[in-house]
Amino acid sequence: GTERVDNYQSTVTCHPSEVVHASEVAEAQAVVRRAFTEGRPLKVVSLAASNSNSGFICPEHGGLLLNLGQMNRVLSLDEEAGIVTVQPGIRASELSRYLDERGFAIPTMPDYTGVSIAGGVATAAHHSSLRIPASMADMVEALTLIDGRGELRRFEGDEVAPVAANIGMLGVVVELSIRVEPQFKLQYGFEKGRDEGLEDKIEALVRAHDYARVMWFAGNERY
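Okay, so let's go over this structure.

Cut-off values and rules
Residues numbered from 1 in each chain as written. Predicted model: local features only at pLDDT ≥ 70, side-chain atom pairs only at ≥ 80, totals over all residues. Heavy atoms only, no water. Pairing = 2+ DSSP bridges. Helix = DSSP H or I, 4+ residues; strand = E, 2+ residues; numbered from the N terminus. Axes fitted to C-alpha atoms, helices over the stretch in contact; angles between N-to-C directions. Contact = heavy atoms within 4.5 Å. Core = buried A, V, L, I, M, F, W, Y, C linked by side-chain atoms within 4.5 Å. Buried < 20%, exposed > 50% of the residue type's maximum accessible area, 1.4 Å probe, protein only. Salt bridge = Lys/Arg side-chain N within 4 Å of Asp/Glu carboxyl O.

1. Some details on the sheet that holds strand S5 (residues 64-67)
The parallel open sheet is built from three strands, whose spatial order is S3-S5-S4. Edge strands, defined here as strands with exactly one partner in the open sheet, are strand S3 (18-21) and strand S4 (42-45). Sheet twist, expressed as the average angle between the axes of neighbouring strands with direction ignored, equals 25 degrees. With four bridges joining them, S4 and S5 adopt parallel strand pairing. Within the sheet, the bridge partner assigned to Leu-42 lies in S5 and is Leu-64. Across the sheet, helix H1 (residues 25-38) is in contact with S3, S4 and S5; its angle to S5 comes to roughly 165 degrees.

As structure tokens, this is what we get:
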């Protein structure tokens, strides 16, 4: 590879033979078709510097790296249906601000909001809840991707669940429609104590709240 591409922490460095930036679906299709025709490996990232800390994002020797970071727009918001349609490169934090200005919110948000929507969905990034679906992949109502031959494939309804958390293995995601809800406020609180019997009550602790997290410091016998 003749190019050098670092992830956001510079802990992973890829050496593709070429980095291609696409800003439109047709451009991304052209890259996939080229890789298919030439028999070259191709990997995809959706941010200028990928958040991944794994070499999985790197194409094999001589491969292409397709960056969709420029495809980062909100395409539509159906307020009545509670569905927002976005391009893959928009970050969770950016989408959250857009929705907030219009009185809506994402039902569940991962701890790190710098993740792209496509990346968050593909890796099933999640919050923690036993009351509501906690994964970003659970919010997807429709998804459009480019398959390995460069053809557009759209999934919606019951077809979405098997392809949402795709880990980048099914194709290049170019559009997602996700469920949103009216803006809401959260009341924050916490409790702490000794961890004796924690394994017996941990489910009840979490289920008592819409969102919950248990931090267990076993070495100190505390939670």
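2. Re the nonpolar core
With 28 residues, the main nonpolar core has Val-84, Leu-95, Leu-99, Ile-117, Val-121 and Leu-176 as its most contacted residues. Of all the secondary structure elements, the ones that give two or more residues to this core are strand S7 (83-86), helix H2 (92-100), helix H3 (117-122), strand S9 (140-146), helix H4 (161-164) and strand S11 (172-179). Setting aside its immediate chain neighbours within four residues, Val-121 contacts Met-136, Ala-137, Val-140, Ala-164, Ala-165 and Leu-176. Grouped together as the second largest cluster of nonpolar side chains are 13 residues, Ala-22, Val-32, Ala-35 and Ile-146 included.

3. Regarding the sheet that holds strand S10 (residues 152-156)
Read from one edge to the other, the open sheet built from five strands follows the order S6-S7-S11-S9-S10, with strand pairing classed as antiparallel. Sheet topology places strand S6 (74-78) and S10 at the edges, where each strand pairs with a single neighbour. On average, adjacent strands in this sheet sit at an angle of 10 degrees to one another, irrespective of strand direction. Two strands pair when backbone bridges link them, and S6 and S7 are joined in this way by four bridges, in the antiparallel orientation. Each bridged residue has a counterpart across the sheet, and for Val-74 the counterpart in S7 is Val-86.

4. Re the pattern of salt bridges
Going through the model one piece at a time under the given rule, you end up with 14 salt bridges. Glu-141 is the partner of Arg-179 in a salt bridge, and the nearest nitrogen-oxygen pair spans 2.5 Å. A residue pair is termed long-range when its members are at least 10 positions apart, and Arg-179 in strand S11 and Glu-141 in strand S9 qualify at 38 residues. Its relative accessible area of 29% is what places Arg-179 among the partly exposed residues. A relative accessible area of 32% means that Glu-141 is categorised as partly exposed. Between Arg-154 and Glu-175 there is a salt bridge whose closest N-O contact spans 3.7 Å. Separated by 21 residues along the polypeptide, Arg-154 in strand S10 and Glu-175 in strand S11 bring together distant segments of the chain. A relative accessible area of 25% places Glu-175 in the partly exposed class. Within this structure, Glu-18, Arg-34, Glu-38 and Arg-40 form a network of salt bridges that share partners.

Distances and angles like these do not, on their own, reveal function.
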